[in-house]
Amino acid sequence: MNLPDLQKAKIRTSDKVEYKENDLVSSDRFLGKKYFLRTYGCQMNEHDSEQMKGTLEFLGMSSTDDLDMADVIILNTCAIRENAHDKVFGYLGRIKHLKKIKPEIIVAIGGCMSQEPRITKELLDRHPYVNIVFGTHNIHELGTMLLEANSKKQDVQVYSVEGEVRENVLYKRDSNISAWVNIIYGCDKFCTYCIVPYTRGKERSRKIEEIVKEVEDLKARGYMEVTLLGQNVNAYGNDFKDGTEFSDLLEKVAQTNIPRIRFVTSHPWNFTDKMIDIIAKYENVMPYIHLPIQSGSSRILKLMGRRYTKEEYIELFQKMKEKIPGVAITTDIIVGFPGETNDDFEETLEIVETCQFDGAYTFIFSPRVGTPASLMEDSTLLTVKETRLQKLNERVNYYSKLNNEKLVGTTVPVLILGVSEKDSSKVYGYTDTMKLVNVVASHDTIGTIIPVLIQDAKSFSLDGVFQK
Ligand code: 5AD
Ligand code: SF4
């Protein structure tokens, strides 16, 4: 294999990304070529991948799911937990073999892992055949980097300081029914376990008019649903310093009359009564809130830097349940945070009993280099943490199933998104409370909201039939 010319590697890691309009020129270098793109991590990354696909298709490429067929391989990485990191390194092993047979392919790594100089260095040391490393602040430069790429060289362009918010971004969306819409980038919360504020930069909100314009355009193109995206959507507008808050945006988006509006992720600390009122007021704002609690122990919450106590969370939770009819609330929980005792963990189990969440994503604490929590003393054995996780999952799954069972025998509106993965004679979609339903209905229902009689409930999905 020809090793890349490392001497000539272009490495820029510290300067601020420039805002340039229309910086992508058209070229036929990649016309008719295939790209393979793998996305790891959160919805923000999924949506960033849609931007990458927009660029790749602008250059004349089409996608392939077959790695062996690819001319360009892109991994959009995640840094939140160790296993996301391991998966990327594992994948690179496969790509290495391919590059031996097809040295002309271009391999590019983007996403949150790229934002960390230590990881980029490790990556280039262990995988010198990687050609392009780009970060979360310069996805718009991917096209130019590709056009300048040489399969035997490396080009690393990662910016530690975020630039201005970019508008008029080219997206190739995965769905023509439900769309992600960025409303705020970055996070200023600095929860002590979390790498996101370091990889995604400061909070930067898009202007209300730009967001509303995008939603109106999506609606005109037949989209039925938008999900407003941010690491912390409730911090929306804080950076304008003029009193604008998320509820102002949500109300304007609701007034576009797009049939369904969702938003993720919400931080309990920033959730105002006005936000609750707007969610309750507009029928097209879905009664579903993802509200990470992270721990049920106020002592651990303090160590996590979450800015609320267990009691304050419960108070907010109950207010939401009271004011928003039929609201479903899901959460994120971390077990095994440094110093978490059995008593702290019991408090987490208790809060699951109290709140009876509709669902929860549960994680074992994973130390992220550069975060305060990675330096905290942690003497709990991994086996203990695994047992805690298992216990927690049992409780969480019990309540998701219980909440799902409450719907059996009722008829609920479901937005149908596509053909069921397991059974092509069925379609699948989501209730307004974000519950996945497999439905006996014809494929013509895809893209519409239909009444569905729920017949059966599991922990993670429902079964139903179209009530014509
Ligand atoms: N270890 C474990 N879980 C984490 N999360 C974020 N950082 C870590 C970490 N270092 C979880 C949180 C967050 C979700 C997206 O990922 O629960 O809400
Ligand atoms: Fe991470 Fe906390 Fe910001 Fe969420 S709010 S992205 S957990 S720092």
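Predicted, not measured: the structure shown is a model, and the values here were computed from it.

Chemist: Any details on the overall build of the chain? Residues and values, ideally.
Modeler: Scanning the chain from N- to C-terminus turns up 12 helices and 20 strands. For the chain, whose C-alpha radius of gyration is 23 Å, the value lies close to the compact-globule estimate of 23 Å for 468 residues. Classification of the 468 residues of the chain by burial places 55% in the buried group. Sequence separation of at least 24 residues holds for 75% of the intrachain contacts in the chain that already meet a minimum separation of 6. On the chain, roughly 20,800 Å² of surface is accessible, and the fraction owed to carbon and sulfur atoms is 51%. Counting 60 positive and 67 negative side-chain charges, the chain places the centres of these two groups 3 Å from one another.

Chemist: Describe unusual backbone geometry, naming the residues involved and giving the relevant values.
Modeler: The omega torsion of the bond from V264 to T265 falls at -5°, within 30 degrees of zero and hence cis. Structurally, T265 can be placed in the loop between β12 (260-264) and α8 (273-281). At N168, a residue that is not glycine, the phi angle is positive and equals roughly 55°. Looking at the secondary structure, you find N168 in the loop between β7 (155-157) and β8 (178-182). The exposure class assigned to N168 is exposed, which follows from its relative accessible area of 62%. In the Ramachandran plot, F190 falls in the positive-phi region, its phi being about 50° despite a non-glycine side chain. The residue F190 is located in the loop between β9 (184-185) and α5 (196-200) in this model.

Chemist: An account of the site of ligand 1 is needed here, citing residue identities and associated values.
Modeler: Close to ligand 1 lie I80, R81, Y193, Q294, D332, I334, F363, I364, F365, S366 and R368, which account for all nearby residues. A distance of 2.6 Å is found between an oxygen atom of ligand 1 and a side-chain nitrogen or oxygen belonging to D332. In isolation ligand 1 exposes 410 Å². Once the protein is present, 88% of that is buried. Among the elements of the structure, β14 (328-335) and β15 (359-364) are those that each provide at least two residues to the shell around ligand 1. In terms of residue class, the shell around ligand 1 is made up of 6 nonpolar, 2 polar and 3 charged.

Chemist: Provide a residue-level description of the side chain of H290, including the pertinent values.
Modeler: Inspection of the secondary structure puts H290 in strand β13 (residues 288-290). The class for H290 is buried, based on a relative accessible area of 6%. Leaving out residues up to four positions away in the same chain, H290 has contacts with V264, T265, S266, T330, T331, D332 and Y361.

Chemist: Quick rundown of helix α6 (residues 208-220)? Include the residues and the values.
Modeler: For α6, built from 13 residues, the straight-helix expectation of 18 Å at 1.5 Å per residue is met to within 8% by its first-to-last C-alpha distance of 18 Å. Every buried residue of α6 is accounted for by I208, I211, V212, E214, V215 and L218. The buried residues of α6 occupy an angular sector of 160° when the element is viewed end-on, so they sit on one face. Across α6 from its buried face, at more than 90 degrees, point the exposed residues E209 and A220. One or two residues past the end of α6 sits G222, with phi positive at roughly 95°.

Chemist: Go over the domain arrangement of the chain with me, naming the residues and quoting the values.
Modeler: Splitting the chain by domain gives domain 1 (34-157), domain 2 (178-405) and domain 3 (411-466). Once you take the C-alpha centre of each, domain 1 and domain 3 turn out to be 35 Å apart.

Chemist: Describe in detail the packing of helix α10 (residues 310-323) against helix α11 (residues 342-355), supporting the description with residues and values.
Modeler: Packed helices, taken two at a time, are described by their axes: the angle between them and the distance between them. Close contact between α10 and α11 brings their axes to 11 Å; oriented N to C, the two are set at 15°. One way to sum up the angle between α10 and α11 is to call them roughly parallel. At the point where α10 passes α11, the crossing takes the right-handed sense. Residues K310, Y313, I314 and F317 of α10 touch α11, and the partners they reach there are E347, E350, I351, T354 and C355. Class assignment for the residues of the contact of α10 with α11 results in 5 nonpolar, 1 polar and 3 charged.

Chemist: Would you mind going over the site of ligand 2 in detail, with residue names and values included?
Modeler: As a structural note, the neighbourhood of ligand 2 is formed by C187, K189, F190, C191, Y193, C194, V196, P197, Q231, H267 and R306. A per-class count over the shell around ligand 2 returns 7 nonpolar, 2 polar and 2 charged.

Chemist: Talk me through the sheet that holds β13; I want residue IDs and the actual numbers.
Modeler: In spatial order, the strands read β13-β14-β15; together these 3 strands make up an open sheet with parallel pairing. Of all the strands in the sheet, the pair left with one neighbour each is β13 and β15. Shown here is a sheet whose adjacent strand axes are inclined to one another by a mean of 10°, direction ignored. As paired elements, β13 and β14 share 3 bridges and run parallel to each other. Paired with Y288 across the two strands is A328, which belongs to β14. Each of β13 and β14 is contacted by α10, which is oriented at about 160° to β14, the strand it contacts most.

Chemist: I'd love a proper account of helix α1 (residues 43-58), names of residues and values included.
Modeler: With 16 residues, α1 should reach 22 Å at 1.5 Å per residue; the first-to-last C-alpha distance of 23 Å fits that figure. What α1 keeps buried is the set M44, N45, H47, D48, S49, E50, Q51, M52, K53, G54, T55 and L56.

Calculation notes
Residues numbered from 1 in each chain as written. Chains lettered and ligands numbered in written order. Predicted model: local features only at pLDDT ≥ 70, side-chain atom pairs only at ≥ 80, totals over all residues. Heavy atoms only, no water. Helix = DSSP H or I, 4+ residues; strand = E, 2+ residues; numbered from the N terminus. Rg over C-alpha atoms; globule rule 2.2 N^0.38 Å. Buried < 20%, exposed > 50% of the residue type's maximum accessible area, 1.4 Å probe, protein only. Contact = heavy atoms within 4.5 Å. Areas by Shrake-Rupley, 256 points an atom, 1.4 Å probe, with all protein chains shown as cover. Lys, Arg positive; Asp, Glu negative; His and termini not counted. Charge placed at Lys NZ, Arg CZ, Asp CG, Glu CD. Near = heavy atom within 4 Å. Polar contact = N/O pair within 3.5 Å; in protein donor to acceptor, adjacent residues only side chain to side chain. Nonpolar A, V, L, I, M, F, W, Y, C, P; charged D, E, K, R; others polar. Expected span 1.5 Å × (residues − 1). Arc of directions from axis to C-beta. Domains from an automatic or database assignment. Axes fitted to C-alpha atoms, helices over the stretch in contact; angles between N-to-C directions. Parallel < 35°, antiparallel > 145°, perpendicular 65-115°, else oblique. Left-handed = near helix turned anticlockwise from the far one by under 90°. Pairing = 2+ DSSP bridges.

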